[in-house]
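Architecture and fold: a report
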Amino acid sequence: MRMRMNKVIIVIIIFLIALLIYLFNNEESRDIQYSKYEKIDLSNFTIDEIVKIPGIGIKKATEIKKYEEEYGFNSIEDLKKVPGIGEKTYQKIKKYFYISQSIYILRTVEKINLNTASYEELIKLPGIGEKSAKKIINYRKIKRIENLEELRKIGINSSQIKQIKGVVEF
């Protein structure tokens with residue numbers, strides 16, 4: 001009788017462990033866990049944020065970041081242009097993203113010349129911070145900046161270039 005009781009207890013324990021494993025590995029459960037997080041802005045994110053999304057591993061996260069740096073995201077549907085993200089994956093992950101809309105008001109009518117602007121003038125440009133301003137200053141010591149595309153060579157990403165387009169000259 002006692003042996004039979006032990007077997008029943010073991011079966012119940014195994015059942016509970018299997019149930020817990022199922023719940024923690026179930027995609028819906030992962031979605032519920034992820035829902036605690038805020039949506040990710042495709043205009044400003046890190047790889048660490050992206051890998052927390054169910055269905056996104058380090059490889060896809062890296063591809064998403066690479067796409068953002070090269071082209072920028074104009075819509076959430078641009079995720080489908082990222083290598084490794086097809087329609088099926090897109091349908092699963094689209095709910096975790098949004099794109100912020102930034103409005104920049106240029107207070108001066110004059111355009112800022114990237115080849116002559118001071119460090120202080122550069123960091124006031126939309127999307128250009130201290131690091132990017134230093135990159136621009138260092139590059140122009142070597143070569144005159146002729147166009148916005150040259151900025152990609154020094155590590156200025158598409159999103160930043162888009163923000164300064166129309167407010168700078170060469």
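What you see is a predicted model; the values in this text were computed from it and never measured.

Moving on, we come to the overall build of the protein. Along the backbone of the protein there are nine helices and four strands. The order of α-helices and β-strands along the protein, N terminus first, is α-α-β-α-α-α-β-β-α-α-α-α-β. Residues classed as buried in the protein amount to 33% of the 170 residues present. The long-range share in the protein, meaning contacts at least 24 apart out of those at least 6 apart in sequence, stands at 49%. Summing over all exposed atoms, the protein offers an accessible surface of approximately 11900 Å²; the carbon and sulfur share of this is 57%.

A few words now on the nonpolar core. Residues Leu-114, Leu-122, Leu-125, Ile-136, Leu-151 and Ile-164 are the most contacted members of the largest nonpolar core, which totals 19 residues. Breaking this core down by element, the ones donating at least two residues are α7 (130-142) and α9 (158-164). By residue number, the principal contributor to this core is α7, which donates four residues. Setting aside anything within four residues of it in sequence, one finds Ile-164 in contact with Leu-125, Pro-126, Ile-128, Leu-148 and Leu-151. Core analysis: the second largest hydrophobic core is formed by 18 residues, Ile-40, Ile-50, Ile-56 and Leu-79 among them.

A few words on the pattern of salt bridges. By the definition in use, this model includes five salt bridges. Put simply, Lys-143 and Glu-150 hold a salt bridge, and the shortest N to O gap is 3.0 Å. Of the residues examined, Glu-150 reaches a relative accessible area of 5% and is grouped as buried. One salt bridge connects Arg-152 with Glu-149, and the closest N-O pair in it is separated by 2.7 Å. Pair noted here: Arg-152 and Glu-149 are both in helix α8 (residues 149-153), with a separation of three residues, about one helical turn. When its relative accessible area of 34% is taken as the criterion, Arg-152 is described as partly exposed.

Bringing a nonpolar patch on the surface into the picture now. Together, Val-8, Ile-12, Phe-15, Leu-16, Leu-19, Leu-20, Tyr-22 and Leu-23 give the surface a local cluster of nonpolar side chains, amounting to about 770 Å² of exposed area. On the secondary structure map, Ile-12 appears in helix α1 (residues 2-25).

Another point: helix α4 (residues 58-70). Taking 1.5 Å per residue as the helical rise, α4 with its 13 residues ought to reach 18 Å, and the 18 Å between its terminal C-alpha atoms agrees with that figure. Among the residues of α4, those classed as buried are Ala-61, Ile-64, Lys-65, Tyr-67 and Glu-68. Projection of α4 onto a plane perpendicular to its axis shows the buried side chains occupying an angular sector of 160 degrees, all on one side. Exposed and facing more than 90 degrees away from the buried side of α4 are Ile-58 and Lys-59.

The rules behind each value
- Residues numbered from 1 in each chain as written.
- Predicted model: local features only at pLDDT ≥ 70, side-chain atom pairs only at ≥ 80, totals over all residues.
- Heavy atoms only, no water.
- Helix = DSSP H or I, 4+ residues; strand = E, 2+ residues; numbered from the N terminus.
- Buried < 20%, exposed > 50% of the residue type's maximum accessible area, 1.4 Å probe, protein only.
- Contact = heavy atoms within 4.5 Å.
- Areas by Shrake-Rupley, 256 points an atom, 1.4 Å probe, with all protein chains shown as cover.
- Core = buried A, V, L, I, M, F, W, Y, C linked by side-chain atoms within 4.5 Å.
- Salt bridge = Lys/Arg side-chain N within 4 Å of Asp/Glu carboxyl O.
- Patch = residues over 30% accessible without salt bridge, like charges linked within 9 Å, V, L, I, M, F, W, Y side chains within 5 Å.
- Expected span 1.5 Å × (residues − 1).
- Arc of directions from axis to C-beta.

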